Amino acid sequence: MRIILFGPPGVGKGTQAKLLIAEFNAVHISTGDLLREAVKNKTPLGLKAKQYMDAGNLVPDDIMIELLEEVFKGKAENSFVLDGFPRTVAQAKALDDMFEKMGFKLDAVISLRVEHDVVIKRLSSRRMCRTCGRIYSLDQLGENTKQCRHCGGELYLRHDDEPDVIKHRLEVYLNQTKPLKEFYRKSGRFMQIDGMQEIGYVHKQILDILYPT
Ligand code: AMP
């Protein structure tokens, strides 16, 4: 199964990707996670990407395309869920070229739709673990908002989840990423799902799309 999860920041792509990879024994490829790891380790990629990420801007296409080529190099992943890539038409075209070279066929581009005020609320109440990268919402955490329940690591509010940066990320999504819908719609691989529903229900809707009865 080769799937792209598409949608604005905070729509639940990461959460749904984790459920799908468990279902299909697939690999989760999150470009946001790869970049955050690179920033944490101060690699050349991380040093280049940090300024864009902190400002809520997209990391330039050439850097992102090179990163994806690196991810796929020699791996021939059979089953994967792409989360956060592509984010521009140029990235989508480059991905099509990569897949053609590797003989891969994309099964579906699943777009999760959510209202913008809900996205702002979700992102500003999101906390991430510095150690294992798990994501929680403040509603889930109760009193203990500082410590990861899974590994005990420190929970923090991502700089790009602060209100001003969120607003800018949504504008970036509207201007640079949303036009991709048309790109994939034309290719007949595009399916839209209501991401406002409860997590398990959204997951079931995705499975219904992938395996229509
Ligand atoms: P995410 O965790 O997917 O929301 O990504 C966090 C940040 O990483 C984004 O706001 C961008 O700065 C950067 N990023 C992740 N994926 C991409 C991409 N495909 N193209 C450009 N920038 C990206």
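Since the structure is predicted, the reported quantities are computational estimates derived from the model, not experimental observations.

A. A look at the side chain of S111. Inspection of the secondary structure puts S111 in strand 4 (residues 108–113). Judged by its relative accessible area of 1%, S111 is buried. Beyond its immediate sequence surroundings of up to four residues, S111 is in contact with F6, K181, F190, M191, Q192 and I193.

B. Representation of the sheet that holds strand 4 within the structure. On the basis of which strands lie adjacent, the open sheet formed by five strands has the order 2-3-1-4-8 and parallel pairing. The open sheet has two edge strands, strand 2 (27–30) and strand 8 (190–194), and neither has a second partner. Sheet twist, expressed as the mean angle between neighbouring strand axes with direction ignored, is 20 degrees. Judged from the four bridges that link them, strand 1 (residues 2–6) and strand 4 form a sheet pairing that is parallel. Paired with I3 across the bridge in strand 4 is A108.

C. Inspection of the pattern of salt bridges at higher detail. Under the criterion given, the structure shown has eleven salt bridges. The salt bridge involving R36 is made with D33; its shortest N-O contact spans 2.9 Å. Here R36 pairs with D33, and both are found in helix 2 (residues 31–40), just three residues apart, close to one helical turn. For the salt bridge of D54 with K50, the shortest nitrogen-to-oxygen distance reads 2.6 Å. One end of the pair, D54, and the other, K50, are both in helix 3 (residues 44–54), four residues apart, so they sit about a helical turn from each other. Judged by relative accessible area, D54 falls into the partly exposed class, the value being 30%. Residue K50 is classed as partly exposed on the basis of its relative accessible area, which comes to 39%. Each of R126, R158, D160, D161 and R169 takes part in salt bridges that share partners, so that together they form one network.

D. Structural context of the site of the ligand. In the vicinity of the ligand there are 16 residues, among which T31, N57, G84, R87 and Q91 approach most closely. Take R158: an N or O atom from its side chain is 3.4 Å from an oxygen atom of the ligand. Take R169: an N or O atom from its side chain is 3.1 Å from an oxygen atom of the ligand. Considering the ligand on its own, with 480 Å² of exposed area, one finds that the protein chains cover 95% of that surface. The biggest single contributor to the shell around the ligand is helix 2, with four residues. When its residues are assigned to classes, the shell around the ligand shows six nonpolar, five polar and five charged.

What counts, and at which threshold
Residues numbered from 1 in each chain as written. Predicted model: local features only at pLDDT ≥ 70, side-chain atom pairs only at ≥ 80, totals over all residues. Heavy atoms only, no water. Helix = DSSP H or I, 4+ residues; strand = E, 2+ residues; numbered from the N terminus. Buried < 20%, exposed > 50% of the residue type's maximum accessible area, 1.4 Å probe, protein only. Contact = heavy atoms within 4.5 Å. Pairing = 2+ DSSP bridges. Axes fitted to C-alpha atoms, helices over the stretch in contact; angles between N-to-C directions. Salt bridge = Lys/Arg side-chain N within 4 Å of Asp/Glu carboxyl O. Near = heavy atom within 4 Å. Polar contact = N/O pair within 3.5 Å; in protein donor to acceptor, adjacent residues only side chain to side chain. Areas by Shrake-Rupley, 256 points an atom, 1.4 Å probe, with all protein chains shown as cover. Nonpolar A, V, L, I, M, F, W, Y, C, P; charged D, E, K, R; others polar.

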